[in-house]
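# Survey of secondary and tertiary structure
Here's the letter readout for the chains.
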Amino acid sequence: MISFPSFLKGGTALATVLFATSALAATEPAPAPADNPADPQSTSANQAGQANDKQALTSSDIIVLGSGTAQAAPLSASLTTTQPQSAVSRDFIDNANAASDFNELIALTPSVSITGTGNGLGFGETKAVIRGFQDGEYNVTYDSIPFADTNNPTHHSTAFFPSDTIETIVVDRGPGNASQLGQATYGGNLNMYSRNVSDKRGVQAEGLLGNWNSAIGRFEIQSGKIDSLNGAKFVLAGQYLRSDGALTNSPVNSKNLFFKGVVPIGEHNTLTILSTYNRNFYYQSDVLKGATCGVQVSGAATLKATNCAASSNIGQYGLNYGMGSDPTKQDYWKYNRTDKTTDFSYLRLQSELGSGFSMDNRAYMYGYTNNTLSGNTTTVVSGFTGAGTAASPYKAVTAPNDVPGYNKLNKYRVLGYIGQVDYTFQYGKVKVGGWYEHANSWRHTWDFDWTTGQPSYDQKANLGTAATSQYPSISMANLKYEQNSSWDQFQLFGEFEIRPTDTLSVTPGVKYVNFNRGVNALVNADANRSPSNNSHTWTKTLPFATINWQPVQNLSVYGQYAQGMYVPDLSSFYTPTTGTGSSVQQSTALASVKPQTSTNYQLGSVWHGKKVSVDVDVYKIDVNNKIATDTSANAISGALVNIGSVHYKGVEGQLAYMPIAGLTLFGNGSYNYAHSGTTGAQIAKAPFSTAAAGLIYRHHGTRVSFSQKFTGPQYATELSSSVVTTTGIRMYRLSPYSTGEFAVSQEIGQHFRIGATVSNVFNSRAITAISNGGTVVTNGQTYYAGADQFNFLPPRSFLMDVRVKY
């Protein structure tokens, strides 16, 4: 009998759904492979060197589908999964908005919400929230290799992998098993897999045009199997993108090259070589995170951008305000440019050793350079005088009309190695391995004057008084921070998959994490801008246990217990220090900060019938040691401490139905509870619910699809006295909203395809995020202070495309 956790109301109803699907599966056999309408190579399971192959580190990502309905659906879960999962199909990726980044490609999956789309899909960096876990609280991997920023494990969605470099994406809503690697094996995993290399030779070119002067060009060259090289095969692809963007004065431009080769070496070894390079720039304020609306009376908890003040951004320029055109102001678009260059490469050797043994070795590196020029919102520090001469190198108080700005650099290089050995025998599999990674980073922010082009000495400095003695000298008052940092981390894992019967697998596992981070800063990024030369090591042993039971061929029931860990960010080194004992002060502060941990309990079922595919799950996740700024009495300003817990629980499901051949209907939904253990309230940026629905129709080269994503109500800010009115109403509540996408294409003969994509079909301009500008109380009435910055869904957009292939 299936037992459901008591923490969810409605568990009986959910159990009924599972028992019903079990009864149906017992009477309905799995369809034959002929029911699968897609390219059989698109799954690539068990193909060495390809996406989610049999030596995938994350075994649940080997997608096993039991029906043509599941294969035709844009989202599905594997029959062998051990945690809630949504696999995004290559067919969906290939026909989505071509500019979409990897976050936008997973937007339809349950419990996922997306922000940052205001400049148009793919024309600005986005953030994804999974079950309330923010970017940085879950792993993102590419071919099972984790990648993230080196200050904290967050991600830049347009910086590395455009959609034409992605074959499939698997969203694992959970920390995975012991072999799931990453710095934030905590709230979930977004696992991308690189484009397949085809057995067949071919060339493809594609051109796309859309509104806002948008243009995308792509090419792909497949070598096919080369007999003279023992069946080696290669692919070379590239993309060029440009657009003026949906927002004013916010153009973007990007270029990408992608290469992958799969080279058999003898009969038992496969070498995979992959390298991708990306260069892009865009114009966007690094300070202003949206458009202001002005002071508004709070009539209710929900904030709406209506009746905006005439002097606000929205009042002057409307919802599409991005950057300005006045060179005397800080928001002048030419003062706000970001240039990014990234690369990602690996060598992978897979070896079949015989007698059940196999080995997988991966050596990789990736790099990121972000060079940002920005207008600033700084003011001159009291005590500075002079005219910026060599003898008096500080910004003059008498230059109020100058435009302040800064140059920000974030540059890092990461090198790593992942190795594993598998042993397969009659009753299961043993998997052991490890991961080592080294990272070096250089970060700085230098103030300068846009009007004169000279350094702007705007930071607090030692002016020879007791009150300023903790700050650096005047000569460094143009440095907000100048910092080098590094990490050396390793993880060791072991899993033992036990298969007492052909239909049951039980997999206990354990992972050991050792993470050392160090900082060597001339000027650190803390409140006092003090120097720092320190390091600290965090360790943790994490147990895992999963089960997957298939009572019949096309039905599985799974469960998971897992512990996760989030390593403290670089900001844990930002405790302000003073005097000769500064290193000791910082070491003491670092030792007191423990990694955030999660304990996960999940239960679900997957069923793939002849016409219906369905999966449902329930989950409960407790997060402890939540890291936040210390607000206790006598605390050091800016010090980080562990403050409490967050509790997550919910129910999720997805469904696909094929009423007639060629037509697939799909839908999914979730209820997501994410409450702070301190306040008892839903945390910020965590929707209470999500849902999606749509259809795909394919017939004789015609493909038509439509999807609509619903994001439930959420709060833009955490519950605190600053966002609660005098009557106790929690403010900054965002209304539910939805957005849709329509795509149509037609194959013309064997070599041509034409198509079109329409995004935000119903032209919703809903608010998706708000940056808090504060509140004021006048005569007992609460007002929004007027500095709030709003982000909206972009206007309706379209792309027309022509594809030629041989």
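Everything below is about the structure shown above.
So, here's what we can say about the structure. (Residues numbered from 1 in each chain as written. Predicted model: local features only at pLDDT ≥ 70, side-chain atom pairs only at ≥ 80, totals over all residues. Heavy atoms only, no water.)

This next bit is on the nonpolar core. If you look at the biggest cluster of nonpolar residues, it comprises 77 residues, and the most contacted ones within it are Phe-147, Phe-160, Ile-169, Met-192, Phe-344 and Tyr-648. Broken down by element, this core gets its largest block of residues, 4 residues, from strand 21 (residues 504–523). If we ignore the near neighbours within four places in the chain, the residues touching Ile-169 are Ser-86, Ala-87, Val-88, Ile-93, Phe-102, Leu-105, Ile-106, Leu-190, Asn-191 and Met-192. The next biggest cluster of nonpolar side chains, apart from the first, holds 15 residues, and it includes Ala-305, Ile-314, Met-731 and Phe-790. (Core = buried A, V, L, I, M, F, W, Y, C linked by side-chain atoms within 4.5 Å. Buried < 20%, exposed > 50% of the residue type's maximum accessible area, 1.4 Å probe, protein only. Helix = DSSP H or I, 4+ residues; strand = E, 2+ residues; numbered from the N terminus. Contact = heavy atoms within 4.5 Å.)

A separate point is the pattern of salt bridges. Summed over all chains, the structure comprises 27 salt bridges. Lys-340 is paired through a salt bridge with Glu-125; the nearest N and O atoms lie 2.4 Å apart. On the criterion of sequence distance, the pair formed by Lys-340 in strand 16 (residues 337–354) and Glu-125 in the loop between strand 3 (112–115) and strand 4 (127–130) is long-range, its members being 215 residues apart. Taking the relative accessible area as the measure of exposure, Glu-125 reaches 23% and is therefore partly exposed. Note that Asp-360 is salt-bridged to Arg-362, the shortest N-O span being 3.0 Å. (Salt bridge = Lys/Arg side-chain N within 4 Å of Asp/Glu carboxyl O.)

With that settled, consider the side chain of Thr-158. Position of Thr-158 among the secondary structure elements: in the loop between strand 6 (145–146) and strand 7 (166–172). When residues no more than four places from it in sequence are discounted, the contact partners of Thr-158 are Asp-101, Gly-122, Gly-124, Glu-125, Asn-278 and Asn-280.

Once that is clear, we can look at the sheet that holds strand 6. If you trace the 6 strands from one edge of the open sheet to the other, you get 1-2-7-8-5-6, paired in mixed fashion. Of all the strands in the sheet, just strand 1 (75–76) and strand 6 have a single pairing partner and so form its edges. As judged from the 4 bridges shared by strand 5 (residues 139–142) and strand 8 (residues 189–194), these two strands associate in the parallel manner. Residue pairing for strand 8: Val-140 is matched across the bridge by Leu-190. (Pairing = 2+ DSSP bridges.)

Remark on secondary structure: sheet strands pair via backbone hydrogen bonds, oriented parallel or antiparallel. With antiparallel pairing, 3 strands are arranged side by side in an open sheet as 14-37-34. Both outer strands of the open sheet, strand 14 (291–292) and strand 34 (767–771), are each paired with one neighbouring strand and no more. Pairing between strand 14 and strand 37 (residues 789–792): 2 bridges, direction antiparallel. The residue bridging Thr-292 from the neighbouring strand is Gln-789, located in strand 37.

What follows deals with a nonpolar patch on the surface. On the surface, a cluster of nonpolar side chains totalling about 500 Å² of accessible area is made up of Val-203, Phe-219, Ile-221, Leu-236, Leu-257 and Tyr-277. By the secondary structure assignment, Tyr-277 is in strand 13 (residues 269–283). Judged by its relative accessible area of 39%, Tyr-277 is partly exposed. (Patch = residues over 30% accessible without salt bridge, like charges linked within 9 Å, V, L, I, M, F, W, Y side chains within 5 Å. Areas by Shrake-Rupley, 256 points an atom, 1.4 Å probe, with all protein chains shown as cover.)

One non-glycine residue, Arg-529, lies in the positive phi region at around 55 degrees. For Arg-529, the position within the fold is in the loop between strand 21 and strand 22 (532–552). The exposure class of Arg-529 is buried, given its relative accessible area of 5%. The phi angle at Asn-763 is positive, at roughly 55 degrees, despite the residue not being glycine.

Attention now goes to the packing of aromatic side chains. If you walk through the whole model with that rule in mind, you get 33 aromatic pairs. Arranged with centres 5.7 Å apart and planes meeting at 80 degrees, the rings of Phe-133 and Tyr-186 form a pair that is edge-to-face. Taken together, the positions of Phe-133 in the loop between strand 4 and strand 5 and Tyr-186 in the loop between strand 7 and strand 8 put the pair 53 residues apart, joining distant regions of the chain. The burial state of Phe-133 is the same as that of Tyr-186; both residues are buried. Pairwise contacts between aromatic rings join Tyr-142, Phe-147, Phe-160, Phe-161, Phe-344, Tyr-364, Tyr-366, Tyr-368 and Tyr-412 into one cluster. The ring of Tyr-619 carries Arg-131 above its face, with NZ or CZ at 3.7 Å from the centroid. (Phe/Tyr/Trp six-rings, centres within 6.5 Å; stacked < 30°, edge-to-face > 60°. Lys NZ or Arg CZ within 6 Å of the ring centre and 35° of its normal.)

So, to be careful, I would describe these as geometric facts and stop short of saying anything about function.
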